[in-house]
Amino acid sequence: FTARLAGGVVRGKLCQLAISANDQIQYDKKQLTIASGCTQVELTLTHVGKLPATSMGHDWVLVKAPDLAAVANDGLTAGAANGYVKPNDPRVIAHTKIVGGGESTSVTFSTSALKKGEQYKYLCTFPGHNALMNGDFIVQ
Ligand code: CU1
């Protein structure tokens, strides 16, 4: 298997994940799992609602579970201009941009920073969303 990614040709196993979000401040999944052996993950977020990104934007941000609240708070401070993610935040393992209704986006990241048995969470960092929009990211 060979995948051509932004950084060039990478040998390994690309695992694809998909999640959607709606106008009711919900993801459609409370848990995502990556199998052992995945070296790269491609996560696609689809906003199935109708509201614009300015009022009902959603993103997908992967963090270690204990970092969730701090990353959300710093994202709030970073503001819309930064997609509600603090620039170069080392606690952010991967993140998509903010999308509005009818849009989708994806991010591809290496699993090298992930450890089996560690507790990971994903969240939406749009203001006020993380309490409702979060889930467990399981590394098998
Ligand atoms: Cu959201």
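Structure first, text after, so check above.
Residues numbered from 1 in each chain as written. Predicted model: local features only at pLDDT ≥ 70, side-chain atom pairs only at ≥ 80, totals over all residues. Heavy atoms only, no water.

A. A look at the overall build of the chain. Helices and strands together make up the secondary structure of the chain, namely two helices and 10 strands. When the helices and strands of the chain are read in sequence order from the N terminus, they spell out β-β-β-β-β-α-β-α-β-β-β-β. Relative to a compact globule of 140 residues, whose C-alpha radius of gyration would be 14 Å, the chain shows 14 Å and is just as compact. Taken along the three principal axes of its C-alpha coordinates, the chain extends 40 × 30 × 25 Å. The 140 residues of the chain split such that 43% are buried. Taking the contacts inside the chain whose residues are at least 6 apart along the sequence as the reference set, 72% of them involve residues at least 24 apart. The centroid of the 13 positive side-chain charges in the chain is displaced by 8 Å from the centroid of its 10 negative side-chain charges. (Helix = DSSP H or I, 4+ residues; strand = E, 2+ residues; numbered from the N terminus. Rg over C-alpha atoms; globule rule 2.2 N^0.38 Å. Buried < 20%, exposed > 50% of the residue type's maximum accessible area, 1.4 Å probe, protein only. Contact = heavy atoms within 4.5 Å. Lys, Arg positive; Asp, Glu negative; His and termini not counted. Charge placed at Lys NZ, Arg CZ, Asp CG, Glu CD.)

B. Quick look at the side chain of Thr-125. Positionally, Thr-125 belongs in the loop between β9 (120-123) and β10 (134-139). Engagement of the side chain of Thr-125 in a polar contact is seen with the side chain of Asp-59, the distance being 2.5 Å. A distance of 2.8 Å separates a polar atom in the side chain of Thr-125 from the backbone oxygen of Tyr-84. Residue contacts for Thr-125: discarding those within four places in its chain leaves Asp-59, Val-61, Gly-83, Tyr-84 and Val-85. (Polar contact = N/O pair within 3.5 Å; in protein donor to acceptor, adjacent residues only side chain to side chain.)

C. Quick peek at the packing of aromatic side chains. Tallying each qualifying case throughout the model produces six aromatic pairs. On the basis of an interplanar angle of 70° and a centroid distance of 5.3 Å, the ring pair of Tyr-84 and Phe-126 is categorised as edge-to-face. Separated by 42 residues along the polypeptide, Tyr-84 in the loop between α2 (68-78) and β7 (94-95) and Phe-126 in the loop between β9 and β10 bring together distant segments of the chain. Phe-126 carries the same exposure label as Tyr-84, and that label is buried. Clustering of aromatic rings is evident, with ring pairs tying together Tyr-27, Trp-60, Phe-109, Tyr-122 and Phe-137. (Phe/Tyr/Trp six-rings, centres within 6.5 Å; stacked < 30°, edge-to-face > 60°.)

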